[in-house]
Amino acid sequence: MDTIKNAGNYVSDKITGTGHEASKEANKSVAKDNNANVGDRIQAAGNALSDKSKETKADASAEANKQAATH
């Protein structure tokens, strides 16, 4: 039963990580946009850093669940 739970958690974490990755890339684009105002660019850069942190955490959790499901 734990194997099924870990497999489900793995899929969930991978989806979450992918969502954070997409958000990070969108924020990076805004941060680099010379036509955006400075406040928006700074906020987008901060959000990109936050998204990267969340992406890394989700990916690590996914890997842990993957390992647990296969052992």
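Residues numbered from 1 in each chain as written. Predicted model: local features only at pLDDT ≥ 70, side-chain atom pairs only at ≥ 80, totals over all residues. Heavy atoms only, no water.

- By the naming in an unreviewed UniProt entry, the protein chain is Glucose-repressible protein Grg1, taken from Podospora aff. communis PSN243.

Points about the side chain of Asn27
Working step 1: Residue placement: Asn27 occurs in helix H1 (residues 2-32).
Working step 2: Its relative accessible area of 14% is what places Asn27 among the buried residues. (Helix = DSSP H or I, 4+ residues; strand = E, 2+ residues; numbered from the N terminus. Buried < 20%, exposed > 50% of the residue type's maximum accessible area, 1.4 Å probe, protein only.)

Structural notes on the side chain of Asn6
Working step 1: By the secondary structure assignment, Asn6 is in helix H1.
Working step 2: For Asn6, the residues in contact, after removing those within four places along its chain, are Asn65, Ala68 and Ala69. (Contact = heavy atoms within 4.5 Å.)

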